[in-house]
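# Topology and contacts: notes
Residues per chain are reported as follows:
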Amino acid sequence: MAERDDPEVIGRRVQQLRTERGLTQRQLAEPAYTPAYISTLESGRVRASEPALRHIAERLGIGYEELATGRPAGFATELRLRLTGAQRTLATGATEAAAEGFASVLAEADEHGLLAEQADSLLGLGECALETGDLETARLRFEQAEQRLGDAPLPARVPALRGRAVAHYLAGELRYSCYLFESTLDELNRNGLHDPDALLLLYTGVIAPYMDMGAHARAAQAAELALALAPRSGDPVLVARMHRSVARTMIAEGRIAEADASLAKASELYRQLQIRTELANCHWMRGYLHAQNGAYDRAEAELREARRMLSAKRATLYTSQVAVELADVLHRRGKSDEAAELLQEVLADLNSERGALHSAAAHRLLGIIAEDTRDTEAAEEHYVRALSLLERAGAAGDLADLCRLLGDLFRRTGRVEAALDAYRTGLGHRTAPGTTTLGPAPAQPPL
């Protein structure tokens, strides 16, 4: 049953409704109560019992819930249905229309003090902001959702925490993203809050920042725990996302067939659920898989399809990230001019606070293309820009590779000392896996 408003608010509501209907206090009270009781109630000096409110509601011709809370009967249910509609709209790719739906529900939930509906609306707006690449707004919406759920158990707050962590990850703040994921996992597991959906959401989400930081062992462990938790989850969207994320650790371990099978499961679930963005992400990951396996023609086809789907959704950040990986495949296929043109086009959408890792990857590839044409000055400039972006993000594995490229460039141009410095820096990143996280691994669930 909905929580009642306080006595003063209910008293004012009773007086207003009675006056609008032209009833006296006696007419409203009879036959079960006295006019004095109604007067006391209207002044807010007494907390009316449920039977009294039901009697008054019947005399006023309204429902008990509307009298007790100010909300028409079924109002919260209607908002829930509208939230579901906005979520379906977002899944089909109409981000702007979905955002309008979430904002409309939020305004009405705010007006009537419905905290759960406020939080879910803000989560939806956060997801819309992630889709469009507005990471600052996304973080704000997820923080607001978390504030609305401040008194709720931790598992209920996990979607908002996960949203914040993803926004920081996309902004290139890998270390802080890992901290948010790990600290939440640790608190859940140490306190025995083994909610399978909450844990699956977190273990799935932490894989990407772990991989980009070079913490491959932790990524593999998170993937194993996610696979073990999946049968306990009742959310097919979570399970599909898990299969897509786990595929990345399998690719890194050379388990190509298993990764392909995981992506096939994810794609089939997303097709059934008609979730267009995630289906595009499956094409993206399949392109990455084929590229790692040397099947560049198939990689190009998958990445072009992912880019087409994401572009149609106006998911600008994700579209730019796919374009960088497509450019890498084009370069490997001998289409360097097309690759360079594509990279220059997307660099305007990427920076140190929005897609930092892919911005670094774009500069790295432009450096390689410049070296191919003997333009060492341009190559060095791109490598240095990439190095700056990766250092800020803390992407250890990519830093080591970039230092090798920069060292090779210095060596070929006769700058031996500079080359040695670059190689030493790269070796430092390669041999310091312990620096990729903020502390010991989080506690694990009892699987």
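Within each chain, residues carry numbers counting from 1 in the order of the written sequence. Owing to the predicted nature of the model, reporting of local features is limited to residues with pLDDT of at least 70; listing and counting of side-chain atom pairs is limited to 80 or more, with chain, interface and lining totals taken over all residues. Excluded from the side-chain calculation are hydrogens and water; included are all heavy atoms of the structure.

Short version of the rule: UniProt positions are given in the numbering used here, feature names are shortened, and annotations may be inferred rather than shown by experiment.
By the naming in an unreviewed UniProt entry, the protein goes by Transcriptional regulator and is assigned to Streptomyces ossamyceticus. In its Sequence similarities (unreviewed entry) section, the UniProt record describing the protein reads: "Belongs to the Rap family." For the record of the protein, the UniProt heading Subcellular location (unreviewed entry) holds the text "Cytoplasm".

### Observations concerning the nonpolar core
For the record, the criterion: Residues belong to one nonpolar core when they are buried, are Ala, Val, Leu, Ile, Met, Phe, Trp, Tyr or Cys, and are joined through side-chain atoms within 4.5 Å. Relative accessible area decides the class of each residue, using a 1.4 Å probe on protein chains only: under 20% of the type maximum gives buried, over 50% gives exposed, and in between gives partly exposed. Counting from the N terminus, the helices are DSSP H or I runs at least four residues long and the strands are E runs at least two residues long. Contacts are residue-level and defined by heavy atoms, with any inter-residue pair within 4.5 Å sufficient.
Core analysis: the largest hydrophobic core is formed by 125 residues, its most contacted members being F102, L130, L170, Y203, L343 and Y383. Counting residues per element, this core draws most heavily on helix α12 (residues 196-213), at 12 residues. Non-local contacts of L130, meaning those with residues more than four positions away in its chain, are made with L135, A138, F142, V166, A167, L170 and Y318. Judged by nonpolar contacts, the second largest core, of 17 residues, contains V14, A29, A57 and A68.

### Side note on the state of the cysteines
The condition is simple: Whenever a pair of cysteine sulfur atoms sits within 2.5 Å, that pair is classed as a disulfide.
A complete count under the given rule lists zero disulfides for this structure. We note that C282 lacks a disulfide partner, and the nearest cysteine sulfur, in C128, lies 20 Å from it. On the basis of relative accessibility, which here comes to 0%, the residue C282 falls in the buried class.

### Section: the UniProt feature "domain: HTH cro/C1-type" (unreviewed entry) in the protein
Using the residue numbers shown here, the UniProt feature "domain: HTH cro/C1-type" (unreviewed entry) corresponds to residues 14-67. Between the end C-alpha atoms of residues 14-67 there is a gap of 7 Å, over a span that is 65% helix and 0% strand.

### Describing unusual backbone geometry
Note that the residue after E30, namely P31, is joined by a cis bond; omega there is 0°. With respect to the element layout, P31 can be found in the loop between α2 (25-29) and α3 (35-42). The phi dihedral of Q274 is positive, around 60°, even though this residue is not glycine. With respect to the helices and strands, the residue Q274 is situated in the loop between α15 (256-273) and α16 (276-292). What makes Q274 exposed here is its relative accessible area of 60%. Residues other than glycine seldom take positive phi values, yet R374 does so here, at roughly 65°.

### Description of the UniProt feature "coiled-coil region" (unreviewed entry) in the protein
UniProt records the feature "coiled-coil region" (unreviewed entry) at residues 256-316, using the numbering of this structure. Regarding residues 256-316, the helix share stands at 87% and the strand share at 0%, and the terminal C-alpha atoms are separated by 29 Å.

### Points about helix α14 (residues 236-252)
To be explicit about the condition: The span one expects for a helix is its residue count, reduced by one, times 1.5 Å. Any pair of N or O atoms that falls within 3.5 Å is considered a polar contact. Within protein, one atom must be able to donate a hydrogen and the other to accept it, and sequence-neighbouring residues count only if both atoms are side-chain atoms.
Helix length check: α14 (17 residues) gives 25 Å between terminal C-alpha atoms against 24 Å at 1.5 Å per residue, within 8%. In terms of burial, α14 is a largely internal element, 14 of the 17 residues being buried. Looking at where α14 begins, the residue whose side-chain oxygen comes 3.0 Å from the main-chain nitrogen of V237 is D235.

### Examining the packing of helix α11 (residues 174-190) against α12
Cut-off, in case you're wondering: Every axis in this analysis is a line fitted to C-alpha atoms, fitted for helices over the stretch in contact. Angles between the N-to-C directions lie between 0 and 180 degrees. Angular relationships are summarised with four words: roughly parallel below 35 degrees, roughly antiparallel beyond 145, roughly perpendicular across 65 to 115, and oblique for the angles in between. Put simply, a crossing is left-handed when the front helix is turned counterclockwise from the back one by less than a right angle, and right-handed when it is turned clockwise. Each residue gets one label: Ala, Val, Leu, Ile, Met, Phe, Trp, Tyr, Cys and Pro are nonpolar, Asp, Glu, Lys and Arg are charged, and the others, such as Gly, are polar.
Taken N-terminus to C-terminus, the directions of α11 and α12 make an angle of 150°; their axes are 9 Å apart at the nearest point. Judged by the angle between their axes, α11 and α12 are roughly antiparallel. In this structure, the crossing between α11 and α12 has a hand that is left-handed. Residues L174, R175, S177, C178, F181, E182, T184, L185, L188 and N189 of α11 touch α12, and the partners they reach there are A198, L199, L202, Y203, G205, V206, P209, Y210, D212 and M213. Classifying every residue of the contact of α11 with α12 gives 13 nonpolar, four polar and three charged.

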